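Architecture and fold: a report
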Amino acid sequence: MAKKSMFFVVETTNGRGKKDLYFIPAKSGASATHQIKNPDLLIENKESLGWQDVSIASQQYGDEIVFEAFINGQKSLIYPNHYGYQHLCNQFHEQVVAEKSSREEDYRRDLEDELYKSEHPFG
């Protein structure tokens, strides 16, 4: 799949002064900061990281579609509960649908194999 998506790094501070950085795929900086809908966090800074390579990760991360991005050479996984996940699902909709279909077909085939083995234990 290896396509590109725009990424932003957003720096936040909570009420106790703890700073956090979030790497967020989004169509714009405003969209990236809008995803952090937490009244307890102050957005200190946002910076564009430009276009970064994105692909669908292998199934080793479970049944959910997980994206993998290479941000400045570092591998980063974007799970369904991460900021920007829905943006990637929308941007790569066709690939997500194809991947889900492929995984469902693999699962169905595995079930059929197990059923056959249980009905024919000696081959």
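Attention in this report is confined to the structure presented alongside it. (Residues numbered from 1 in each chain as written. Predicted model: local features only at pLDDT ≥ 70, side-chain atom pairs only at ≥ 80, totals over all residues. Heavy atoms only, no water.)

So, the overall build of the protein
Each helix and strand in the protein was counted, giving three helices and five strands. The helix and strand sequence of the protein, counted from the amino end, reads β-β-α-β-β-β-α-α. In terms of overall dimensions, the protein has a C-alpha envelope of 65 × 30 × 25 Å along the principal axes. Expressed as a percentage of its 123 residues, the buried residues of the protein come to 32%. Taking the intrachain contacts of the protein between residues at least 6 apart in sequence as the baseline, contacts between residues at least 24 apart amount to 53%. Just so you have it, the protein exposes about 8300 Å², and 50% of that area is on carbon and sulfur atoms. (Helix = DSSP H or I, 4+ residues; strand = E, 2+ residues; numbered from the N terminus. Buried < 20%, exposed > 50% of the residue type's maximum accessible area, 1.4 Å probe, protein only. Contact = heavy atoms within 4.5 Å. Areas by Shrake-Rupley, 256 points an atom, 1.4 Å probe, with all protein chains shown as cover.)

Comments concerning the nonpolar core
Phe 7, Val 54, Phe 67 and Ile 78 are the most contacted members of the largest nonpolar core, which has 15 residues in total. Elements with a contribution of two residues or more to this core: β1 (3-14), β3 (41-56), β4 (67-71) and α2 (85-91). Listed in part, the eight residues of the second largest apolar core include Met 6, Ile 24, Ile 36 and Leu 41. (Core = buried A, V, L, I, M, F, W, Y, C linked by side-chain atoms within 4.5 Å.)

Brief notes about the pairing of β1
Pairing of β1 with β3, which is carried by twelve bridges, proceeds in the antiparallel orientation. Bridging from a neighbouring strand, Lys 3 pairs with Val 54 of β3. Of the strand pairs in this sheet, β1 and strand β2 (residues 19-25) are connected by seven bridges, and their pairing is antiparallel. Of the residues in β2, the one forming a bridge with Val 10 is Tyr 22. Between β1 and the antiparallel strand that follows it, β2, lie four residues; Gly 17 among them carries a positive phi value of about 90 degrees. (Pairing = 2+ DSSP bridges.)

Side note on the pattern of salt bridges
Throughout the structure, instances matching the rule amount to seven salt bridges. Residues Lys 4 and Asp 53 are paired through a salt bridge, measuring 2.8 Å at the closest nitrogen-oxygen approach. On the criterion of sequence distance, the pair formed by Lys 4 in strand β1 and Asp 53 in strand β3 is long-range, its members being 49 residues apart. Using a relative accessible area of 44% as the deciding quantity, one classes Lys 4 as partly exposed. Owing to a relative accessible area of 35%, Asp 53 belongs among the partly exposed residues under this scheme. Among the salt bridges present, the one from Glu 105 reaches Arg 108, with a minimum N-O distance of 2.3 Å. Here Arg 108 and Glu 105 lie together in helix α3 (residues 93-119), a separation of three residues that amounts to about one turn. Accessibility expressed as a relative area gives 31% for Glu 105, which makes it partly exposed. Of the residues examined, Arg 108 reaches a relative accessible area of 35% and is grouped as partly exposed. One salt-bridge network, in which partners are shared between bridges, spans Glu 105, Arg 108, Arg 109 and Glu 112. (Salt bridge = Lys/Arg side-chain N within 4 Å of Asp/Glu carboxyl O.)

Here we look at the side chain of Thr 13
Summarising the element assignment, Thr 13 is placed in strand β1. With a relative accessible area of 10%, Thr 13 lands in the buried category. Among the polar contacts listed, one links the side chain of Thr 13 to the side chain of Lys 19, at a separation of 3.4 Å. The contacts of Thr 13, once residues within four sequence positions are left out, are Lys 18, Lys 19, Asp 40, Leu 41, Leu 42 and Glu 44. (Polar contact = N/O pair within 3.5 Å; in protein donor to acceptor, adjacent residues only side chain to side chain.)

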